[in-house]
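Chain and residue survey
Here's the letter readout for the chains.
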Amino acid sequence: MVFKKMLSAFGVGGPSVDTVLTNPNTRPGLTLDGQVNLVGGDAEAAIEQVVIGLVTRVEVEGHDTEYAGTMEFHRMVVSGPLQLAPKQQLSIPFQLPVPWETPITDVYGQRLHGMTMGLRTELAIARAVDKSDLDQVAVHPLPVHERILEAFQRLGFRFKHADLERGHIRGVQQTLPFYQEIEFFASPQYASTIREVELTFVTSQRGVEVILECDKRGGFLSAGHDAFGRYQVAHIDADRVDWAQVVDGWLRETTSRYGSLRSQYGGGHGHSRGHGMGGMVAGAALGVAGGMIAGEVIEDAFEGDFGDFGGDE
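Described below are features of the structure shown in this document. Please read all numbers here as calculations on a predicted model, not as lab measurements. (Residues numbered from 1 in each chain as written. Predicted model: local features only at pLDDT ≥ 70, side-chain atom pairs only at ≥ 80, totals over all residues. Heavy atoms only, no water.)

1. Observations regarding the overall build of the protein
Of regular secondary structure, the protein possesses 4 helices and 18 strands. For the protein, with 313 residues in total, the buried portion stands at 49%. Residue pairs at least 24 apart in sequence account for 68% of intrachain contacts in the protein once pairs closer than 6 positions are excluded. When the accessible surface of the protein is split by element, carbon and sulfur atoms take 52% of a total near 14700 Å². (Helix = DSSP H or I, 4+ residues; strand = E, 2+ residues; numbered from the N terminus. Buried < 20%, exposed > 50% of the residue type's maximum accessible area, 1.4 Å probe, protein only. Contact = heavy atoms within 4.5 Å. Areas by Shrake-Rupley, 256 points an atom, 1.4 Å probe, with all protein chains shown as cover.)

2. Description of the pairing of strand E3 (residues 31–39)
In the sheet, strand E1 (residues 16–21) pairs with E3 via 6 bridges, with the strands oriented antiparallel. Note on E3: the bridge partner recorded for leucine 21 is glycine 34. The sheet contact formed by E3 and strand E7 (residues 89–97) spans 9 bridges and is antiparallel. Bridging across to E7, threonine 31 finds its partner in proline 97. (Pairing = 2+ DSSP bridges.)

3. Describing the pattern of salt bridges
Evaluated as defined, the whole model comprises 16 salt bridges. Aspartate 42 is paired through a salt bridge with lysine 87; the nearest N and O atoms lie 3.2 Å apart. In this pair, aspartate 42 is assigned in the loop between E3 and strand E4 (45–61) and lysine 87 in the loop between strand E6 (82–84) and E7, connecting sequence segments 45 residues apart. Lysine 87 sits in the exposed class, given a relative accessible area of 55%. Taking the shortest distance from any N to any O, the salt bridge between arginine 147 and aspartate 239 comes out at 2.8 Å. Here arginine 147 is found in helix H2 (residues 143–154), whereas its partner aspartate 239 is found in the loop between strand E17 (225–234) and helix H3 (243–256), with 92 residues between them in sequence. (Salt bridge = Lys/Arg side-chain N within 4 Å of Asp/Glu carboxyl O.)

4. Quick notes on the nonpolar core
With 62 residues, the main nonpolar core has Ile148, Phe152 and Leu199 as its most contacted residues. Top contributing element to this core by residue count: E4, with 6 residues. Contact partners of isoleucine 148, with chain neighbours within four places excluded, come to Leu199, Phe201, Val210, Trp243, Val247 and Trp250. If you look at the next biggest cluster of nonpolar residues, it comprises 5 residues, including Ile169, Val172, Val202 and Ile211. (Core = buried A, V, L, I, M, F, W, Y, C linked by side-chain atoms within 4.5 Å.)

5. Brief notes about H3
Helix length check: H3, at 14 residues, gives a terminal C-alpha distance of 20 Å against a target of 20 Å (1.5 Å per residue), a fit within 8%. Those residues of H3 lying buried are Trp243, Ala244, Val247, Asp248, Trp250, Leu251, Thr254 and Thr255. Down the axis of H3, the sector holding all buried residues measures 155°, keeping them to one side. For H3, the exposed residues lying more than 90 degrees away from the buried face are Gln245 and Ser256. Sitting at the head of H3, aspartate 242 places a side-chain oxygen 3.2 Å from the backbone nitrogen of alanine 244. (Expected span 1.5 Å × (residues − 1). Arc of directions from axis to C-beta. Polar contact = N/O pair within 3.5 Å; in protein donor to acceptor, adjacent residues only side chain to side chain.)

6. Considering the pairing of E4
Most of E4 is tucked away, with 13 of its 17 residues classed as buried. The pairing of E4 with E6 spans 3 bridges and is antiparallel. Its bridge partner lying in E6, isoleucine 47 is registered against leucine 82. Here E4 runs beside strand E10 (residues 117–125); their pairing, made up of 9 bridges, is antiparallel.

7. With respect to the packing of aromatic side chains
Inspection of the entire model under this criterion finds 8 aromatic pairs. The interplanar angle of 5° and the centroid separation of 4.9 Å between the aromatic rings of phenylalanine 152 and phenylalanine 184 together place this pair among those described as stacked. Taken as a pair, phenylalanine 152 in helix H2 and phenylalanine 184 in strand E14 (residues 178–185) lie far apart in primary sequence, 32 residues in all. For the pair phenylalanine 152 and phenylalanine 184, a shared accessibility class is recorded, and that class is buried. An angle of 15° between the planes, with centres 5.0 Å apart, marks the rings of tyrosine 231 and tryptophan 250 as stacked. On the criterion of sequence distance, the pair formed by tyrosine 231 in strand E17 and tryptophan 250 in helix H3 is long-range, its members being 19 residues apart. One exposure class covers both tyrosine 231 and tryptophan 250, and it is buried. One aromatic cluster is present, formed by Phe152, Phe157, Phe159, Phe184 and Tyr190 through successive ring pairs. (Phe/Tyr/Trp six-rings, centres within 6.5 Å; stacked < 30°, edge-to-face > 60°.)

8. Points about H2
For H2, built from 12 residues, the straight-helix expectation of 16 Å at 1.5 Å per residue is met to within 8% by its first-to-last C-alpha distance of 16 Å. Within H2 the residues assigned to the buried category are Val144, His145, Ile148, Leu149, Ala151 and Phe152. Along H2, the residues classed as buried sweep out an arc of 150° about the axis, all on the same side.

Written as structure tokens, this is what we have:
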């Protein structure tokens, strides 16, 4: 009997948890619906709480170092304390709001290379090892995101990579502790002035703030540098404008007014791709704050090849 209690304390013969999503596909501002299924173990268990949370992989930069870790950026308690009898089956329905700033993971049904997203379920058990479950989630673009991404493709840009950078962009109203960078190789018509472009969406209920970072080529007497541009877009404008023309205008304006933007955002300490958004990022805090677990890579929890969005490594 004592041995059985010891096994139970280490999770052997204890309750199990399995979360089933009604649909793993969602968009920023919508919800993820599903249910948490609990099955009792060999003995009665005191469940302290059941919590679900969205987790993703985030890049963190320190002094001359960079590492990736998982971050839980949105969580919700779906059940408080309850008693689970031996072999008892219990289903708890939930509806989790997806934050407006949640990064995009899938475009045209394909996983953006470099992006991961999951829903983690935690079952806190009194006097025992906590149980958990992880389910893959796909976050698709809103219409205005989709039109802008389509415009880059129409202009000949090729997708390279996407990732999340820990920190806040100066002057931008952010609610999450990271921002997404979607990187493109420049198309031939821009290749004489731009090497690459990084695109960031900071989305709210009203619209999207679009941040562009252009890696400009050097001239005959000038070195290459990064140019930044910020643009506001309303959700209702998604089908009202020629987005290829708008994005072309953004790119030309951004690359032509480098000096004023540089002084506005400051020099910056840079990140892994040169100076990058360093000048715009206001002091990214490092460590375990905000649910960051250094060195734990979320891809290990997922199986299969997520494919690529028409780009190179």
